Amino acid sequence: MKIMLEKLEKFKSIMIFLINEKFSYKSKNRLIFILRIIKEFPKLVKFIFKDVSQIGMIGSIISLDSSTMCQLKCPMCPSLEGIKEEGALGWGYLKFKNFKNFVDKNPEIKRIELSNSGEPFLNPELKEIIKYGWKNKVDITIGTGANLNSVKGDILESLVKYEVKSLTISLDGATNHTYKIYRIGGDFDKVIRNIKIINYFKKKHHSDYPKMLWQFVIMGHNEHEIPAARKFAKQLGMGFYTKLNRIPSYSPIKDKDFVRKESHLGVSNRKEFLGKYKRIYILGCLRLWNSPQINWDGKLLGCNVNLWNNFGNVFETSLKKCLQSERYIYTKQVVLGRKIVRDDIPCSKCAIYKRVKRIPIKKSEIILNDNIHTHNIIPMIRVQKGSPS
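Residues numbered from 1 in each chain as written. Predicted model: local features only at pLDDT ≥ 70, side-chain atom pairs only at ≥ 80, totals over all residues. Heavy atoms only, no water.

So, about the pattern of salt bridges. The full count for this structure, using the stated rule, is 15 salt bridges. Linking Arg183 and Asp172 is a salt bridge whose minimum nitrogen-to-oxygen distance equals 2.5 Å. Taken together, the positions of Arg183 in the loop between α7 (176–182) and α8 (188–204) and Asp172 in the loop between β4 (166–170) and α7 put the pair eleven residues apart, joining distant regions of the chain. Side by side, Arg183 and Asp172 carry an identical accessibility label, which is buried. The salt bridge involving Asp344 is made with Arg327; its shortest N-O contact spans 3.7 Å. Note that Asp344 is positioned in the loop between α14 (326–335) and α15 (351–358) and Arg327 in helix α14, a separation of 17 residues in sequence. Looking at Asp344, the relative accessible area reads 31%, which means it is partly exposed. In this structure, a network of salt bridges that share partners links the residues Glu326, Arg327, Arg342 and Asp344. (Salt bridge = Lys/Arg side-chain N within 4 Å of Asp/Glu carboxyl O. Helix = DSSP H or I, 4+ residues; strand = E, 2+ residues; numbered from the N terminus. Buried < 20%, exposed > 50% of the residue type's maximum accessible area, 1.4 Å probe, protein only.)

Relative to the assigned elements, Asn199 resides in helix α8. In the structure, Asn199 is positioned 39 residues away from Val160 in sequence and 9.0 Å away in space, judged by C-alpha atoms.

Scanning the entire structure with this criterion turns up 14 aromatic pairs. Between Phe216 and Phe240 the ring centres are 6.1 Å apart and the planes differ by 50°, which places this aromatic pair in the tilted class. Here Phe216 is found in strand β5 (residues 211–218), whereas its partner Phe240 is found in strand β6 (residues 239–244), with 24 residues between them in sequence. The pair formed by Phe216 and Phe240 is uniform in burial state, with each residue classed as buried. Judged by centre distance (4.9 Å) and plane angle (50°), the ring pair of Phe273 and Tyr277 falls under tilted. Taken together, the residues span about one helical turn, with Phe273 and Tyr277 both in helix α11 (residues 270–277) at a distance of four residues. With a relative accessible area of 0%, Phe273 lands in the buried category. Linked through ring pairs, Tyr179, Phe188, Trp214, Phe216, Phe232 and Phe240 together constitute an aromatic cluster. The positively charged end of Lys95 is found above the aromatic ring belonging to Tyr93, 4.1 Å away from the centroid. The ring of Tyr330 has Arg342 sitting right over it, with the charged end atom 4.0 Å from the ring centre. (Phe/Tyr/Trp six-rings, centres within 6.5 Å; stacked < 30°, edge-to-face > 60°. Lys NZ or Arg CZ within 6 Å of the ring centre and 35° of its normal.)

The side chains of a regular strand alternate between the sheet's two faces. With respect to burial, β5 is a largely interior element, seven of its eight residues being buried. Of the pairings in the sheet, the one linking β4 to β5 comprises five bridges and is parallel in character. Bridge pairing in β5 places Ile169 opposite Trp214. Note that the unit made of β5, helix α9 (residues 226–235) and β6 has a crossover that is right-handed. (Pairing = 2+ DSSP bridges. Right-handed = clockwise from strand over helix to strand, strands pointing away.)

What follows is the structure, encoded as structure tokens:
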């Protein structure tokens, strides 16, 4: 039986490699969509004839930000205006007691994503948090991204011991010189050293977790290092995916044809993606249903793009009450194209919503969580449901 399982795992790895390396985005998109329909067919039958705006959650996943604090000064960070002390998110970290109470009061939650607006490893109570999740059979992921610059060895071992399911590491380069152009204050060599330490502990504890993913945001100053980074990731036993730049005017792409090829998307920027595939590159609005975003202090943000206001505090009232609030339901109706945007909901300030208005969200996208992010990282599909912004 053990030999058979090992052979199946090897076959699966080969298939994942072939799909990731040889399939175009379009082919990958069709394949993943078919697989997702098969996997989520009961969910599709359950919700397809219902008014999805009235459904609190689809699934059992929550995003609960462990920290809005960050030691780096990345120029395009979308959170900078929101994590100031006077902003919507505040500057702080998730307390273990709040995490424990949330898990205890919401046994229906089976997976919690701990990254969003800051660096998770700056949370001094992170070890207790992931350990409690493990003890209570709640899968923990750090899938939106971490810079992994400032982290102690015991925390790295805890990621393995307590089976954190996935860890996405933001590495926009294959050398320290290129990496620190954008990740200001970061040290590429230190991050690679921490990845190797995690691999050491995975071997020591005979564990496959955490599954690690190298996230590479494509910019003009680093595009030439995509092949080297992809190769390096493979050597480290990591998944690899490229992410199209959110603000193309910052470090503009130099060789568009090269990027179209190396991105494995056939495009060099998000505008091209929209034109070619007639869909928004990363649709954070789906999180309103599939992985509602909660701030470190309990404020329900809904999606991971919201820096402006909230829908109540799940620590002070309850998750269910916040999800059923008039403003939360109205926000869902807005992104579905049924209501006009109001000043008191985040969409009124959101650049993504302007595109959503032109290409309304489909019910099937919501039910199946049909997002580009999952299409570009097939190795993570079983352990990573979240989508970065």
